[in-house]
Amino acid sequence: MRIDIENKILIPFMILLIVTIIVIGTASYWNGYKLLLNNEIQNLLADLDEMILYIKKINDETEDEEEAKALVLNFYNNLGKDNLIIFNSNEILLNTFDRDKKYAVTLTNKNLNDTTHSISIGDYIFIYQKYNNWNWILGYRINRNIFSDKVLESQKYLILIAIVSLIFSMETAILISYNISKPIKTLAEFCNKITNKNSLQKIYEIKRKDEVGVLANSFNNMIEKLEINTEKLIEVKKFNENIVKNVPAGIMIVDQRGHIKLVNKIAKELLSKYTENKIDRYIMKNVLNQVKETMKTKKMTNKLLTFNDINKGNKIYLEVVTSILTINKNSNNEAICIFTDVSERKKIENNMAILDRLTSTGQLAAGIAHEVRNPLAGIRASIQVLERRLCKEEDSTNKKLFDGLLNEIDRINNLITELLNFAKPRMPNYKEIDLAKILAQSLQLLAENIKIKNVKVDIKNNSSQNIILADKAQIEQIFINIINNALAAMDNNGLLNITINNYLKEKKPFVEIEFHDNGCGISPQNIKKVFNPFFTTSLSGTGLGLSVVYELIKSNNGEIDIQSMVNKGTKVKIMFPIFGGWYHEDKVINRR
């Protein structure tokens, strides 16, 4: 049932008036009732106080206590006071209650204190005083209901006035609601006309100076602005439609059920381009899966999708960006998907990568030529000397020449080995390995070198989980290279602290191994170059050690960070995800 504006104004007024009068009447009735009741209680308490004084007087004037008690009881019995009771803990001494011995017995069982002097039992209130010398309790019983009738009798004229006021107020409320609702009804009827006829026209002028007149004028101004804004909105809509149609990227709007709500022209052309190869099905499947992921996480997702073009023998790269389409604060049930064919861009990037690799290869070749030339010159000179001396008598110098020849050959061999490891490292054989055990094995292999330099190695294992998914031999090579660099940087009697810790990164557990030596350190100018091939500050080094370490760590999904201060030492931190990014618990691998 629809309630019009007049009744919506009138009904609350009526309710407010009725409730107000009821509240005032109830409050007046209750206050009158309490006033009469409290007045009666105070009168009875005063009477009880006089009785106590009389009992004290009789007690003082009579030597025999029992005789005094008899005089008091006889006096009040003859006095004939209604609803009076006198009792002690053992018996009822005087009871003027009309045939209500049960109530008197109930009082003897009550625990009456000395502070309140009143107790409620049912419809009655018992007012009492104690005379402790005789262990007497004197009291009156009053019926609280008798005061209700007295209050109603005293306030009947007030109730009549309230009813008359209510009727008058209701008539006034009806008149006020009519005057307020009439112009509002007029505005509502005009709005219905605008809605039904689907046209904007001004309302006739309402000649009023109050808020309703202001509302009518504002309504006319609103219609004028609405006409202007409607035209602008139509222009903006056309402009946005042109953008969606002509933007060089496919755009789709998909709801949470996977239903496509909108597809622009570029998206249709892009999908039809790969219809012959049936790649469009795979594109839509991956795009919709990404949309579902976005709807679930409520976060923007950016992925690069790769597909094989069987006919042309090349790869197709699509960059797909999906995010929640937010129209208002409570609307997040749709997602917008923007995808672009970046195959040509990927070709350019691949070409640039190849060019960079060729450049690096050229640098490696230059380094090889430089490093190989010097050992070969030494070998050539030694062989020439041997050729002349072997024709003479043998002497001890031949052995020295041969040793020099072997040392130079070893240098070439080591250089070529490290160069090959850097240029083309073998694919890692991933297995579950314990980093602490691999570290111990590496230190054992280098025990002789550590002993020669008398370096103290202090290991602190603070981690609870050391298992990673990596290549055991490559991890061992990483440790050996880092420890060798630390030994080379330290003088005799140096200190190498090795600490193993666990930490969380993006809610994934990692294990971190820190190598901290107190060696010569690395200058700020050189620390940026430590991973460059052939960069070294050592006279006997090749400059490939840390380059190989960097490549091996990356191939095993790890990270490396170096911090150093000159003459203070160097910290090398390497981090690996526990179980290669998979969390292992109770021998079950669960994706974190």
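Everything here concerns the structure above.
All values derive from a computational prediction rather than experimental measurement.

Draft legend 1. Looking closely at the layout of surface pockets. Taken as a whole, the second largest pocket encloses approximately 330 Å³ of empty space. Looking at the second largest pocket, it is lined by 15 residues, and the ones nearest its centre are I21, G25, T26, I159 and A162. Sorting the residues of the lining of the second largest pocket by element identifies α1 (5-61) and α5 (156-197) as the ones contributing at least two each. For the lining of the second largest pocket, the element with the highest residue contribution is α1, accounting for eight residues. Here the lining of the second largest pocket is composed, by residue class, of 11 nonpolar, four polar and no charged.

Draft legend 2. Region of interest: helix α15 (residues 545-555). Here α15 has its buried residues at L546, S547, V548, V549, L552 and I553. Phi turns positive one or two residues past the end of α15, at N557, with a value near 65°.

Draft legend 3. The arrangement of the sheet that holds strand β12 (residues 456-461) in detail. In space, the five strands of this open sheet follow the order β12-β14-β15-β17-β16, with mixed pairing throughout. Two strands close off the open sheet at either side, each with one partner strand: β12 and β16 (559-565). Direction aside, neighbouring strands of the sheet carry axes that sit 15° apart on average. Where β12 and strand β14 (residues 495-505) come together, six bridges link them in parallel fashion. Considered in β14, the bridge of I459 is made with I498.

Draft legend 4. Main features of the sheet that holds strand β2 (residues 92-95). A sheet is described by the order of its strands in space; here five strands give the open sequence β2-β1-β5-β4-β3, paired in antiparallel fashion. This sheet does not close on itself; its edge strands, each paired only once, are β2 and β3 (118-121). Sheet twist, expressed as the average angle between the axes of neighbouring strands with direction ignored, equals 20°. In terms of strand pairing, strand β1 (residues 84-87) meets β2 through three bridges, oriented antiparallel. Note on β2: the bridge partner recorded for I86 is L94. Contacts from helix α2 (residues 65-79) reach β1, β2 and β5 (136-143) within the one sheet, and its direction differs from that of β2 by about 20°.

Draft legend 5. View of helix α11 (residues 435-445). For α11, the complete set of buried residues consists of L435, I438, L439, S442 and L443. The arc enclosing the buried residues of α11, seen along the axis, measures out at 135°, which places them on a common side. Turned more than 90 degrees away from the buried face of α11 sit K437 and Q444, all of them exposed.

Draft legend 6. Molecular detail of the packing of helix α13 (residues 472-489) against α15. Two numbers describe how α13 lies on α15: the axes approach to 9 Å, and their chain directions differ by 145°. The chirality of how α13 crosses α15 is left-handed. Side by side, α13 and α15 meet where Q474, Q477, I478, N481, I482 and N485 of the first sit next to G545, L546, V548, V549, L552, I553 and S555 of the second.

Draft legend 7. Structural context of the environment of I137. Structurally, I137 is set in strand β5. For I137, a relative accessible area of 13% corresponds to the buried category.

Draft legend 8. Quick peek at the pattern of salt bridges. Tallied over the entire structure, the rule returns six salt bridges. The partner of E293 in a salt bridge is K303, with the nearest N and O atoms 2.8 Å apart. Within this pair, whereas E293 is found in helix α8 (residues 279-297), its partner K303 is found in strand β8 (residues 301-309), the two being separated by 10 residues in sequence. The class for E293 is partly exposed, based on a relative accessible area of 32%. Its salt-bridge partner being K573, residue E514 comes within 3.8 Å of it at the nearest N-O pair. Taken together, the positions of E514 in strand β15 (residues 508-517) and K573 in strand β17 (residues 569-577) put the pair 59 residues apart, joining distant regions of the chain. Assigned by exposure class, E514 and K573 land together as buried.

Draft legend 9. Layout of a nonpolar patch on the surface. Together, F13, L16, I176, I180 and I184 make up an exposed nonpolar region whose accessible area comes to about 390 Å². Of all the elements in the fold, those that place two or more residues in the nonpolar patch are α1 and α5. At three residues, α5 tops the list of elements feeding residues into the nonpolar patch. Looking at the secondary structure, you find I184 in helix α5.

Draft legend 10. Quick peek at the side chain of Q290. On the secondary structure map, Q290 appears in helix α8. Among the polar contacts listed, one links the side chain of Q290 to the backbone oxygen of T301, at a separation of 3.2 Å. If we skip the residues at most four places from it in the chain, Q290 touches T301, N302, K303, V320, V321 and T322.

Draft legend 11. Representation of the packing of α11 against α13. Interhelical geometry of α11 versus α13 gives an angle of 55° and a closest axis separation of 9 Å. In this view, α11 runs oblique relative to α13, as classed from their interaxial angle. Our pair here, α11 against α13, has a crossing hand that is right-handed. Counted together, L435, I438, L439, Q441, S442, L443 and L445 of α11 and K472, I475, E476, F479, I480 and I483 of α13 form the full contact between these two elements. Class assignment for the residues of the contact of α11 with α13 results in nine nonpolar, two polar and two charged.

Draft legend 12. Structural view of the packing of aromatic side chains. Using the criterion set out here, one finds nine aromatic pairs in the structure. On the basis of an interplanar angle of 15° and a centroid distance of 5.8 Å, the ring pair of F126 and Y128 is categorised as stacked. Here the aromatic residues Y54, F75 and Y76 are joined through ring pairs into a cluster of three or more. The positively charged end of R141 is found above the aromatic ring belonging to Y124, 4.1 Å away from the centroid. Its guanidinium or amino end placed over the ring of F510, K505 lies 5.9 Å from that ring's centre, counting from NZ or CZ.

Rules used in this analysis
- Residues numbered from 1 in each chain as written.
- Predicted model: local features only at pLDDT ≥ 70, side-chain atom pairs only at ≥ 80, totals over all residues.
- Heavy atoms only, no water.
- 1 Å grid on protein atoms, 1.4 Å probe; cavity = no way out; pocket = protein on both sides within 12 Å on 5 of 7 lines; lining within 4 Å.
- Points joined across faces, edges and corners; volume = space filled by probe spheres on them.
- Helix = DSSP H or I, 4+ residues; strand = E, 2+ residues; numbered from the N terminus.
- Nonpolar A, V, L, I, M, F, W, Y, C, P; charged D, E, K, R; others polar.
- Buried < 20%, exposed > 50% of the residue type's maximum accessible area, 1.4 Å probe, protein only.
- Pairing = 2+ DSSP bridges.
- Axes fitted to C-alpha atoms, helices over the stretch in contact; angles between N-to-C directions.
- Contact = heavy atoms within 4.5 Å.
- Arc of directions from axis to C-beta.
- Left-handed = near helix turned anticlockwise from the far one by under 90°.
- Salt bridge = Lys/Arg side-chain N within 4 Å of Asp/Glu carboxyl O.
- Patch = residues over 30% accessible without salt bridge, like charges linked within 9 Å, V, L, I, M, F, W, Y side chains within 5 Å.
- Areas by Shrake-Rupley, 256 points an atom, 1.4 Å probe, with all protein chains shown as cover.
- Polar contact = N/O pair within 3.5 Å; in protein donor to acceptor, adjacent residues only side chain to side chain.
- Parallel < 35°, antiparallel > 145°, perpendicular 65-115°, else oblique.
- Phe/Tyr/Trp six-rings, centres within 6.5 Å; stacked < 30°, edge-to-face > 60°.
- Lys NZ or Arg CZ within 6 Å of the ring centre and 35° of its normal.

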